[in-house]
Amino acid sequence: MISHLDLVEEARAILPEGVFQYVATGAGVEETLTAAAPAWQQYYLRPRLPRDVTAVDTSTTLLGTKVSGPVHVAPTGFQRIVHPDGETATAKAANETGSLLVLSSRSTSSLEEVSAVAGPWWLQAYVLRDRDLTAEIVRRAAAAGAQAVVLTVHTPHVARKARSYEFDTSVGSPIIPELATRDDLGVWQAPDVTLEDIQWLAGLSGGVPVVVKGILRGDDARACIDAGAQAVWVSNHGGRQLDGAIPSAIALSEVVEAIDEEVYVDGGIRTGRDVVRALALGARAAFVGRPVVWALAVGGADGVRDLLNGFREDVEETMALTGCTSIDEIGPDLVTRS
Ligand code: FNR
């Protein structure tokens, strides 16, 4: 697998400085961003040996959908600023590798363009100040084939970023057409999202499951499930929102203990070992944000495909070396915290 640091350097060499910084930045003084990846490394692996690992199967399911492995594509906005093929390339690569795509509602490709080449995909949504527009986007996504809606709740206010960045907003934002010309899309997001919105969205999407993204506490996870969510996604938005927020790796166990439903996680996942650590702590699957953007910048659809295949191979190797032949065998005894 390509080293993540090499990938970042390759992307840095070809992207305009302002675009590179937009993707790389965290919020505040980047405490949470800096802590994300090392937090996974606090969990040491405890291999089970000796074991017969002749055949290792990385496949699993997310809300019943069969996927080739436990690592998938987190929603990241404005992908055409790093590569002209944008989200369409990412969707194609996810499809080719049997991974799930979560499309940002700040996508620079339309729902229809993406769904034409995608395998299984979910739409990430924000509750907008205009609830009717929110409902319309969710309905259009479901009609275009989205199998779930991921409601991002950690951006009631868009945090100020640590680094200065700039990019060309004329790439547009066709999923939220009214936003196409806006630089600061944050002003369109509702600052008053509550559990009632989750209830509303779960009813509205008529059978399309709602996943709540941005949960870092067990009590909130429980409340979201009680409000009608089908799964919860532990995330601090890649350190781009509340600086000082708990790393996902540390928050995960509490959330897993609070609910019986599926729990996903993202933030600082950079190797197959990190994915196995996340699964050992009880996550159903892990998602990657920035690595996908860097891979897209460097190699378009081929780059993202190589990245996702690389992650899956790395998971497979880690499973073999820890004595696991199926995802079900990855349990809490596989890690210990230093
Ligand atoms: C994001 N993220 C994000 N999340 C979301 O729900 N909607 C969005 O539009 C975006 N956009 C976005 C853009 C960029 C450039 C980044 C880096 C991130 C957050 C993303 O889904 C995910 O939570 C983090 O990126 C995961 O952390 P890593 O893998 O980047 O460390």
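Just above sits the structure.
Bear in mind the structure is a predicted one, so any value in this text is a computation, not a measurement. (Residues numbered from 1 in each chain as written. Predicted model: local features only at pLDDT ≥ 70, side-chain atom pairs only at ≥ 80, totals over all residues.)

Asks: Could you give an account of the overall build of the chain, with specific residues and numbers?
Replies: Tallying secondary structure elements over the chain gives eleven helices and twelve strands in all. Against the compact-globule benchmark of 20 Å for 338 residues, the chain has a radius of gyration of 19 Å, which places it among compact chains. In terms of its C-alpha atoms, the chain occupies a principal-axis envelope of roughly 60 × 45 × 40 Å. The buried share among the 338 residues of the chain stands at 52%. Once local pairs closer than 6 in sequence are excluded, the contacts in the chain between residues at least 24 apart make up 73%. (Helix = DSSP H or I, 4+ residues; strand = E, 2+ residues; numbered from the N terminus. Rg over C-alpha atoms; globule rule 2.2 N^0.38 Å. Buried ≥ 20, exposed ≤ 12 C-beta atoms within 10 Å, placed from the backbone. Contact = placed C-beta atoms within 7 Å.)

Asks: An account of the nonpolar core is requested, with residue identities and associated values reported.
Replies: With 109 residues, the main nonpolar core has V149, V212 and V232 as its most contacted residues. Counting residues per element, this core draws most heavily on helix α11 (residues 290-322), at 14 residues. Once you skip the residues sitting within four places of it in the chain, V212 turns out to touch L151, V153, I198, C224, A229, V232 and W233. (Core = buried A, V, L, I, M, F, W, Y, C linked by C-beta atoms within 7 Å.)

Asks: Give me the lowdown on helix α4 (residues 86-96), citing residues and values where you can.
Replies: The α-helix advances 3.6 residues per turn, and as a result positions three or four apart in sequence lie on the same side. Burial within α4 is extensive, with nine of its eleven residues counted as buried. Looking at α4, one finds that the buried residues are G86, E87, T88, A89, T90, A91, K92, A93 and A94. Structurally, α4 contributes buried residues whose contacts are with β4 (71-73), β5 (101-103), α5 (111-117), β6 (121-125) and α11. Phi for G98, located one or two positions after α4, is positive at around 70°.

Asks: Tell me about the pairing of strand β10 (residues 262-266), residues and numbers included.
Replies: Burial runs high along β10: five of the five residues are buried. Taking every second residue as pointing to the same face, both faces of β10 are buried, with E262, Y264 and D266 on one and V263 and V265 on the other. Here four bridges tie strand β9 (residues 231-234) to β10, and the two strands are oriented parallel to one another. If you follow V232 over to β10, its bridge partner there is V263. You can see the chain leave β9, run along helix α9 (residues 248-258) and come back into β10, and the turn it takes is right-handed. Here three bridges tie β10 to strand β11 (residues 285-288), and the two strands are oriented parallel to one another. Paired with V265 across the bridge in β11 is A286. (Pairing = 2+ DSSP bridges. Right-handed = clockwise from strand over helix to strand, strands pointing away.)

Asks: Break down the site of the ligand for me, citing the residues and quoting the values.
Replies: In the vicinity of the ligand lie 23 residues, with G77, S104, G238, G289 and R290 positioned nearest. In terms of residue class, the shell around the ligand is built from seven nonpolar, eleven polar and five charged. (Near = placed C-beta within 6 Å. Nonpolar A, V, L, I, M, F, W, Y, C, P; charged D, E, K, R; others polar.)

Asks: So what's going on with the packing of helix α8 (residues 218-226) against α9? Residues and values would help.
Replies: Between α8 and α9, the least distance of the axes is 8 Å, while the angle of their chain directions is 40°. Taken as axis vectors, α8 and α9 run oblique relative to one another. When you trace α8 past α9, the crossing you get is right-handed. On the side of α8, the interface is formed by G218, D219, A221 and R222, while α9 contributes E254, V255, E257 and A258. Each residue belonging to the contact of α8 with α9 can be placed in one class, and the counts come to three nonpolar, one polar and four charged. (Axes fitted to C-alpha atoms, helices over the stretch in contact; angles between N-to-C directions. Parallel < 35°, antiparallel > 145°, perpendicular 65-115°, else oblique. Left-handed = near helix turned anticlockwise from the far one by under 90°.)

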